[in-house]
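Residue-level structural notes
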Amino acid sequence: MKNRILKACKTGLGWGITMFIIMVFVWPMINHEEITPKSIGIGILAWIIIGSFLFGYIMNAKPFNDSK
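The structure displayed is predicted, hence computed values, not measured ones.

About the cut-offs
Residues numbered from 1 in each chain as written. Predicted model: local features only at pLDDT ≥ 70, side-chain atom pairs only at ≥ 80, totals over all residues. Heavy atoms only, no water. Helix = DSSP H or I, 4+ residues; strand = E, 2+ residues; numbered from the N terminus. Buried < 20%, exposed > 50% of the residue type's maximum accessible area, 1.4 Å probe, protein only. Contact = heavy atoms within 4.5 Å. Areas by Shrake-Rupley, 256 points an atom, 1.4 Å probe, with all protein chains shown as cover. Phe/Tyr/Trp six-rings, centres within 6.5 Å; stacked < 30°, edge-to-face > 60°.

What about the overall build of the chain?
Tallying secondary structure elements over the chain gives 2 helices and 0 strands in all. Looking at the chain as a whole, 16% of its 68 residues qualify as buried. For the chain, contacts bridging at least 24 residues in sequence account for 72% of all contacts bridging at least 6. Only carbon and sulfur atoms are counted for the fraction: they give 71% of the accessible area of the chain, which is about 5,600 Å².

Here it is in structure tokens:
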């Protein structure tokens, strides 16, 4: 069980950090928008903390058993 949780955290954290960098720094540069401390804080909360763990959990959840 502990190994499964660790695997989900590793999977999700890689995705979350990548999305954080793209959505908080790269996307505003493309749109010529200002990067503020508030947007960085919201990005950390949304992408790294919440999004990464949800993504890791979903990617490592057991699939439905479709045996016929």
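Points about the side chain of Ser-52
Structurally, Ser-52 is set in helix 2 (residues 37-59). If sequence neighbours within four positions are ignored, Ser-52 has contacts with Gly-12, Leu-13, Trp-15, Gly-16 and Trp-47.

Remarks on the environment of Ala-46
With respect to the helices and strands, the residue Ala-46 is situated in helix 2. Owing to a relative accessible area of 34%, Ala-46 belongs among the partly exposed residues under this scheme. As for Ala-46 and Phe-20, which are separated by 26 residues in sequence, their C-alpha atoms are 8.3 Å apart.

Comments concerning the packing of aromatic side chains
Scanning the model with the defined rule gives 3 aromatic pairs in all. For the pair Trp-15 and Trp-47, a centre-to-centre distance of 5.8 Å together with 65° between the ring planes defines the contact as edge-to-face. With Trp-15 in helix 1 (residues 2-30) and Trp-47 in helix 2, the pair connects residues that are 32 residues apart, well separated along the chain. Residue class for Trp-15 comes out partly exposed when judged on its relative accessible area of 28%. By relative accessible area, which is 24% here, Trp-47 ends up partly exposed.

Comments concerning the side chain of Asn-60
On the secondary structure map, Asn-60 appears in the segment after helix 2. The class of Asn-60 is buried, set by a relative accessible area of 19%. Excluding anything up to four places from it in sequence, Asn-60 contacts Arg-4, Lys-7, Ala-8 and Thr-11.

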